[in-house]
Amino acid sequence: MTSDIPDWIKEWIQKDRLVRNKFKISHKYMSHPKRIQYMKGEKDDQNEWISFKYMIISTKYGKYWVRYNQGLYECSCPFFKHRGICSHIFSVCQVTGVWPDKELLFSSKN
Ligand SMILES: [Zn+2]
């Protein structure tokens, strides 16, 4: 499973303590699969995801929405606005094997 993580994500986790912390938290969600609920999605002709939506249930904070659309992820939690990533997105990435597009992610933060 760990080998599926893109190198740039691994580097980001290594150099940013807050991001690393969110990555660790994502494993808590993953050990409780009912907290990561698929809602809907759309695939292209090659069976690749175009878009999807998940609901993440946090026992502390309630429900958050994670949306993916053509390389970009979005989450309704407050940390997402900081870094463009969060524990909820990390959970969905690991479940789906779909990671954000690096260029899109960093350009969308400007
Ligand atoms: Zn989030």
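Report follows, based on the coordinates. (Residues numbered from 1 in each chain as written. Predicted model: local features only at pLDDT ≥ 70, side-chain atom pairs only at ≥ 80, totals over all residues.)

## Quick word on the pairing of strand β2 (residues 49-58)
Right, so step 1: When strand β1 (residues 36-43) meets β2, the two strands line up antiparallel, connected through seven bridges. When the sheet's bridge partners are listed, K40 is paired in β2 with K53.
Right, so step 2: Taking the residues between adjacent antiparallel strands as the criterion, β1 and β2 are bridged by five residues, where N47 takes a positive phi near 70°.
Right, so step 3: Pairing geometry for β2 and strand β3 (residues 62-69), over eight bridges, is antiparallel. Considered in β3, the bridge of K53 is made with R67.
Right, so step 4: As consecutive antiparallel partners, β2 and β3 are separated by three residues. (Pairing = 2+ DSSP bridges. Helix = DSSP H or I, 4+ residues; strand = E, 2+ residues; numbered from the N terminus.)

## Some words on the sheet that holds β1
Sheets are built from strands paired through backbone hydrogen bonds, the pairs being either parallel or antiparallel.
Right, so step 1: Taken in spatial order, the four strands line up as β1-β2-β3-β4 in an open sheet, and their pairing is antiparallel. What marks the edges here is a single partner per strand, and that holds for β1 and β4 (72-75). Strand-to-strand twist across the sheet, computed as the mean angle between neighbouring axes with direction ignored, equals 15°. (Axes fitted to C-alpha atoms, helices over the stretch in contact; angles between N-to-C directions.)

## A closer look at the environment of F23
Right, so step 1: As for its position among the elements, F23 is in helix α2 (residues 17-30).
Right, so step 2: By C-beta crowding, F23 is classed as buried, having 22 other C-beta atoms within 10 Å.
Right, so step 3: Separated by 53 residues in sequence, F23 and S76 have C-alpha atoms that sit 17 Å apart.
Right, so step 4: With residues up to four places along the chain from it excluded, the contact list for F23 reads I13 and F90. (Buried ≥ 20, exposed ≤ 12 C-beta atoms within 10 Å, placed from the backbone. Contact = placed C-beta atoms within 7 Å.)

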